[in-house]
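# Coordinate inspection notes
Single-letter residue listing:
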Amino acid sequence: MIKSQQDLINTLGVTDQVLNQLIKFKSDYKEWKKPKKSIGFRKIVSPPLKMKIFQRKISDYLMQYVNTNFAYGGISKQDRVRIVGEIRISKMILVFDIKDCFPSIKFTKIKNKLIEIGFTYKYAVYFSKISTYKNKLPQGSPCSTTVANLILNDLDVTISTILPKGSKYFRWVDDVIVTFNFVTDKKYNNKLINKISKVVNGFDYQIKNNIEIYRTSQIPNILGLTIYKKINVNKTWYKNFRAQLHNAKYKMNLTQKELDSLRGKVSTLKHVTKKSKNKNRIKFINKAIFELNNNKT
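These figures come from a predicted structure and were not determined experimentally.

So, about the overall build of the protein chain. Secondary structure summary: the protein chain contains 11 helices and nine strands in total. Within the span of the protein chain, comprising 297 residues, buried residues form 43% of the whole. Considering only contacts within the protein chain whose residues lie at least 6 apart along the sequence, 69% involve residues at least 24 apart. Summing over all exposed atoms, the protein chain offers an accessible surface of approximately 16700 Å²; the carbon and sulfur share of this is 51%.

Before going further, it helps to examine the sheet that holds strand S9 (residues 232-233). Ordered in space as S7-S8-S9, the three strands form an open sheet in which the pairing is antiparallel. Bordering the open sheet on either side are strand S7 (221-222) and S9, each of which pairs with just one other strand. Pairing analysis gives two bridges linking S7 to strand S8 (residues 225-226), with the strands arranged antiparallel. Bridged to Asn-221 within S8 is Thr-226.

Moving on, we get to helix H8 (residues 186-202). Compared with the 24 Å implied by 1.5 Å per residue over 17 residues, the 24 Å span of H8 between its first and last C-alpha is a close match. Considered for burial, the residues of H8 that qualify are Asn-189, Leu-192, Ile-193, Ile-196, Ser-197, Val-199 and Val-200. One side of H8 carries all its buried residues, which in axial view fall inside an arc of 160°. In H8, the exposed residues that point more than 90 degrees away from the buried face are Lys-187, Lys-191, Lys-198 and Gly-202.

With 90% of its residues at a pLDDT of 70 or more, the protein chain shows a mean pLDDT of 86. Helix H11 (residues 280-295) is the least confidently modelled element of the protein chain, averaging 69 in pLDDT, while helix H5 (residues 107-116) averages 97, the highest of any element.

Bringing the packing of aromatic side chains into the picture now. Applying the stated criterion across every chain yields a total of 10 aromatic pairs. A centroid spacing of 6.3 Å and a plane angle of 75° characterise the contact between Tyr-61 and Phe-119, whose relative ring orientation is edge-to-face. One end of the pair, Tyr-61, is in helix H3 (residues 49-62); the other, Phe-119, is in the loop between H5 and helix H6 (121-131), with 58 residues separating them in the sequence. Each of the two residues, Tyr-61 as well as Phe-119, counts as buried. Taking 6.2 Å as the distance between ring centres and 85° as the angle between the ring planes, the aromatic pair formed by Phe-182 and Tyr-188 counts as edge-to-face. Among the residues examined, Phe-182 registers a relative accessible area of 24% and is labelled partly exposed. Look at Tyr-188 and you get partly exposed, because its relative accessible area is 30%. These aromatic residues form a ring-pair network of at least three members: Phe-54, Tyr-61, Tyr-65, Phe-119 and Phe-127. Looking at Lys-109, its charged tip hangs above the ring of Tyr-205, at a distance of 4.1 Å from the centre.

Bringing the environment of Gln-21 into the picture now. Relative to the helices and strands, Gln-21 is located in helix H2 (residues 16-24). Residue class for Gln-21 comes out partly exposed when judged on its relative accessible area of 40%. Distance from Gln-21 to Met-51, taken between C-alpha atoms, is 9.4 Å for residues 30 residues apart in sequence.

Pairing in this open sheet of four strands is antiparallel, and the strands run S4-S5-S3-S6 from one edge to the other. Each edge of the open sheet is held by one strand with a lone partner, namely strand S4 (167-172) and strand S6 (207-215). Taken over all neighbouring pairs, the strand axes of this sheet differ in orientation by 15° on average, direction set aside. Note that strand S3 (residues 92-98) and S6 share six bridges and pair antiparallel.

Let us now look at the packing of H3 against H6. Relative orientation of the contacting elements H3 and H6 amounts to 125°, with a least axis distance of 10 Å. Between H3 and H6, the angle falls in the class oblique. The element H3 and its partner H6 pack so that their crossing is left-handed. Counted together, Met-51, Phe-54, Gln-55 and Ile-58 of H3 and Phe-127, Ile-130 and Ser-131 of H6 form the full contact between these two elements.

Since the α-helix turns once every 3.6 residues, residues separated by three or four places project in the same direction. Among all positions of H5, only Phe-107, Ile-110, Lys-111, Lys-113 and Leu-114 are buried. Buried residues of H5, viewed axially, fall in a sector of 165°; they line one side. Here the buried face of H5 lies against H3, H6 and helix H7 (144-161).

On to the packing of H7 against H8, then. The relative placement of two packed helices comes down to the angle between their axes together with the axis-to-axis distance. Remark: H7 packs on H8, axes separated minimally by 10 Å, with the N-to-C direction vectors making an angle of 155°. The pairing of H7 with H8 is recorded here as roughly antiparallel in orientation. Note that H7 runs across H8; the crossing there is right-handed. On H8, the residues touching Leu-155, Thr-158 and Ile-159 of H7 are Ile-196, Val-199 and Val-200. Here the contact of H7 with H8 is built from residues that sort into five nonpolar, one polar and no charged.

Each value, and the rule that gives it
- Residues numbered from 1 in each chain as written.
- Predicted model: local features only at pLDDT ≥ 70, side-chain atom pairs only at ≥ 80, totals over all residues.
- Heavy atoms only, no water.
- Helix = DSSP H or I, 4+ residues; strand = E, 2+ residues; numbered from the N terminus.
- Buried < 20%, exposed > 50% of the residue type's maximum accessible area, 1.4 Å probe, protein only.
- Contact = heavy atoms within 4.5 Å.
- Areas by Shrake-Rupley, 256 points an atom, 1.4 Å probe, with all protein chains shown as cover.
- Pairing = 2+ DSSP bridges.
- Expected span 1.5 Å × (residues − 1).
- Arc of directions from axis to C-beta.
- pLDDT = per-residue confidence, 0-100.
- Phe/Tyr/Trp six-rings, centres within 6.5 Å; stacked < 30°, edge-to-face > 60°.
- Lys NZ or Arg CZ within 6 Å of the ring centre and 35° of its normal.
- Axes fitted to C-alpha atoms, helices over the stretch in contact; angles between N-to-C directions.
- Parallel < 35°, antiparallel > 145°, perpendicular 65-115°, else oblique.
- Left-handed = near helix turned anticlockwise from the far one by under 90°.
- Nonpolar A, V, L, I, M, F, W, Y, C, P; charged D, E, K, R; others polar.

Here is the structure:
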């Protein structure tokens with residue numbers, strides 16, 4: 001745990017002076033809007049390169065404190081296929097989104113959590129300043145997903161304690177999913193929805209739209225995967241992936257992050273085509289990724 005400058009040097013290879021310099025770089029952030037899949041835009045904030053490099057170190061370091069029993073998005077070896085597999089064998093499913101998830105996680109909440117896991121006040125403040133932009137967790141920082149998972153773990157644990165036996169809780173960043181191995185009725189659903197709403201509001205988060213509970217048979221797809229017959233990717237997901245792969249072939253100086261994103265999607269395709277007799281698609285894509293990796297400058 002980072003409690004002194006020596007701990008900082010031993011763990012992340014930097015000094016207090018470097019942290020102070022990084023904080024000054026916050027004025028060099030770039031902002032733009034990206035269209036959402038649904039209506040509206042998502043505000044993206046990109047940190048300068050030196051800040052981004054250190055934020056990746058923060059992400060790697062803090063990952064050890066994330067409870068991966070509940071958090072799935074942005075975590076190595078945690079994939080959507082397992083979640084969708086659990087949904088397929090369940091009777092009912094509860095879903096909701098945390099509204100403005102990253103921006104709702106403020107500097108003070110991060111600082112307090114870092115102190116809770118063992119940081120001294122000084123370094124909790126340093127790391128919280130470097131992780132946030134305009135007092136909020138930015139969408140676009142390499143450490144934002146890990147920090148969000150760390151902070152939201154308290155919400156995960158609390159919700160899990162009020163769920164009935166025979167249910168399983170998953171959170172893919174801001175998407176919360178609960179599966180049930182029994183059929184619920186309207187009265188039961190309303191009571192559970194009220195309980196969960198109070199918990200979410202108690203943590204100073206808001207629910208986007210409403211909490212919904214469905215029979216599993218009513219859900220055609222979730223998290224970009226279809227759940228009918230066998231787990232598979234939907235057409236939109238696959239078309240977007242093909243476009244990303246095509247664009248990557250003609251792009252110079254492909255970044256490691258872009259390559260990792262493509263490899264992650266190939267891994268998902270391998271999972272969802274396990275039982276497929278035709279493996280040509282995977283072979284073709286693996287070959288393309290291999291060529292991109294060798295041509296990376």
